[in-house]
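Architecture and fold: a report
For reference, the chains in residue letters:
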Amino acid sequence: MKEAFIVNENEQCNGSKSQLGLDQACLQIISSAHDPVTVWFQSAECDKCDFANISIAANDTASLLINTAFPVDFYLEHKNSEYCTELYSFEEHGVYGWNVSENTCSKIYTIQEPDKTYISILVAFMVFLAVLVFWNFVKCIYNSEWITQLRARSVPLSELESDLGSPSPTDAPPLIRSEVVTVMRSKGRVKSLDVFRGLSISVMIFVNYGGGQYWFFKHSPWNGLTVADLVFPWFLWIMGASIAISLRSQLRSSLSRKRLFMRVLQRSVILIALGVILNTSGRKKHNIATLRLPGVLQRIGVSYFVVASIETVFMKPQGSFQYGRWLVIQDILDSWIQWLVVLCLTALQVLLTFLLPVPDCPTGYLGPGGLHNHSLNFNCTGGAAGYIDRMVFGQEHIYKNPTCKSIYQTVMPYDPEGLLGTLTSILMVYLGVQAGRIILFYHYTFSRLVRWTVWAAFVGIIAGVLCNFSKNDGVIPVNKNLWSLSYVLALASMAFLLQSVLYLVVDAKRWWAGSPLHYAGMNSIVLYIGHEVTRQMFPWSWQPFYHTHGEYLAMNLWGTALWMFIAFVLFKKGVFITV
């Protein structure tokens, strides 16, 4: 319990909030009882965990240093009699009091007001809104008729003649060809996919830089979702949509499947190698004996290889239109073999998760180990998924500090980008392929939006049934660490819906050009690798002075904005780097 609760350690909780750190509050428990009273407490986030306790002597006071990220459960005990059960949400840097006796207690009350930690988010939003309004105002003025005329007056006659087109017949063909190419590009590319990719990579950079140290911008301890849990699956989904469009285009250009497969293999190997190299960045991470082997780019590389290989072998260069009454689902019928392969891999993940025997652990265990389930499965972190990774890679070559460690006090290493979760990642990518295939088969906005929405509802309902529409009580809870089936389906449902909205706004109605997210989406691999390498470097980050959420938020937003600006410069210079 040391991470969540500290009993009067180093006098940090002495009735003053001056020594309190991020996400910390102080609770003073004042006993007027004539006998000792036991206070039991536990973070509400800790599922099925035993309560910790402190004993307060007669007419004495005890202080608890509390982590404010999650609510805390309390109850009192006196002579084996339980009373005063309470669930309380503390706020950062608040000092609280609680008066207790042998059989009664007061409500928890505030001694010193907590800080308004979320004001920084509001200020950041208002600044962003002001910049957006100012940018659009300048843009409107720049594009106004008055400015256009002023610019025209300053252009030399020779330039005007060039812009209008030379009467010389030798100049006409290049101008026509250039214009046709531009029109073809603007019509052929689904810009909303680039915007979606840009949204994912920009949020990923922000949360990887720290997200202002707010708990909801960090990964969930075990089950459940936070903002940080959304972006990686979305990135895989978008990659799947791009795979469908890109491979169909290359097959139509008569590129041989053998050559196409070699391109897929080359790209996958490069992604995996880059991922391993990135794992060595940082202090003391280049030790071969403890080098982490799994990772984000490794997961992307393997998932890409499997899905792109399947599509390379089985995708038809042209869609079939001979399904009669079933023409409405031609996109699914055209890819039934691919779907069969992907569903078999998904079934393999589920079977291994629930049927693989794990030494000294319950078969089918999905918990974090440690304090979970009353500490009965302390060394079973991740169940079959953790066991497979520890057997294949060894404990020294996987992630040492899983997100569940602070809440559940786990001691076993566990890697969220391990082998078993890669099977459901493949499903996530292929659901993106299905979204891309809808773009290829159906050319009307209404047809695409309806199908994306139906897919969102379909996979979303399955996810809800699997997790019982709850956080911890379903057969398969929504869990990013495990990349559980319900997690993948829930995130795919969100991706289908978000793509529908972006497509309507960016491509169909053209209410928004997609900037600045569009620029980031065009060079996402550069932004990902660059932000990983420079996350501890100035000017992207620096050693904070005051260690407040506001300071961290400003620094992390600044680091993200720098990469967005770099993406803008690369776009304007026509530099697009892919693997």
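Before reading on, note that the structure itself is shown above.
What comes next is a walk through the structure. (Residues numbered from 1 in each chain as written. Predicted model: local features only at pLDDT ≥ 70, side-chain atom pairs only at ≥ 80, totals over all residues. Heavy atoms only, no water.)

**Quick notes on the overall build of the protein chain**
- Counting secondary structure elements, the protein chain contains 18 helices and 9 strands.
- Within the protein chain, the fraction of its 579 residues that count as buried is 48%.
- Summarising the internal contacts of the protein chain: among those between residues at least 6 apart in sequence, 70% fall at separations of at least 24.
- Of the roughly 29,200 Å² that the protein chain leaves accessible, carbon and sulfur atoms contribute 64%. (Helix = DSSP H or I, 4+ residues; strand = E, 2+ residues; numbered from the N terminus. Buried < 20%, exposed > 50% of the residue type's maximum accessible area, 1.4 Å probe, protein only. Contact = heavy atoms within 4.5 Å. Areas by Shrake-Rupley, 256 points an atom, 1.4 Å probe, with all protein chains shown as cover.)

**Details of the packing of helix α7 (residues 257-278) against helix α17 (residues 524-534)**
- With their axes 11 Å apart at the nearest point, α7 and α17 run at an angle of 20° to one another. Judged on the interaxial angle alone, α17 and α7 are roughly parallel. Relative to α17, α7 is oriented so that their crossing is left-handed. Mapping the contact onto sequence places L271, L274 and L278 in α7 and I525, Y528, I529, E532 and V533 in α17.
- In terms of residue class, the contact of α7 with α17 is built from 7 nonpolar, no polar and 1 charged. (Axes fitted to C-alpha atoms, helices over the stretch in contact; angles between N-to-C directions. Parallel < 35°, antiparallel > 145°, perpendicular 65-115°, else oblique. Left-handed = near helix turned anticlockwise from the far one by under 90°. Nonpolar A, V, L, I, M, F, W, Y, C, P; charged D, E, K, R; others polar.)

**Some details on the packing of aromatic side chains**
- Counting across every chain of the model gives 35 aromatic pairs.
- A ring pair is formed by W455 and F496, whose centres lie 6.0 Å apart and whose planes are at 20°; its orientation type is stacked. One end of the pair, W455, is in helix α14 (residues 445-466); the other, F496, is in helix α15 (residues 485-508), with 41 residues separating them in the sequence. Pair check on accessibility: W455 and F496 agree, each one buried.
- Among the aromatic side chains, those forming a connected cluster through ring pairs are F196, W234, W237, W339, Y430, W455, F458 and F496.
- Over the aromatic face of Y304 sits the side chain of R267, whose NZ or CZ is 4.8 Å from the ring centroid.
- One residue, R451, lies across the ring of Y442, its end atom 3.6 Å from the ring centre. (Phe/Tyr/Trp six-rings, centres within 6.5 Å; stacked < 30°, edge-to-face > 60°. Lys NZ or Arg CZ within 6 Å of the ring centre and 35° of its normal.)

**Remarks on the environment of K191**
- Looking at the secondary structure, you find K191 in helix α5 (residues 191-208).
- On the basis of relative accessible area, K191 is assigned to the partly exposed category, the value being 27%.
- C-alpha separation for the pair K191 and M522, spaced 331 residues apart in sequence, amounts to 9.8 Å.
- Once you skip the residues sitting within four places of it in the chain, K191 turns out to touch V506, D507, A513 and H518.

**Things to note about the pattern of salt bridges**
- The full count for this structure, using the stated rule, is 10 salt bridges.
- The partner of D194 in a salt bridge is R197, with the nearest N and O atoms 2.7 Å apart. With a gap of 3 residues between them, D194 and R197 both fall in helix α5, about one helical turn apart.
- The residue R292 makes a salt bridge to D415 at a minimum N-O spacing of 2.7 Å. With R292 in the loop between α7 and α8 (296-314) and D415 in the loop between α12 (405-408) and α13 (419-441), the pair connects residues that are 123 residues apart, well separated along the chain.
- Linked through salt bridges whose partners overlap, the residues forming this network are R292, D415, E417 and K480. (Salt bridge = Lys/Arg side-chain N within 4 Å of Asp/Glu carboxyl O.)

Don't take any of this as a statement about function, it's just geometry.
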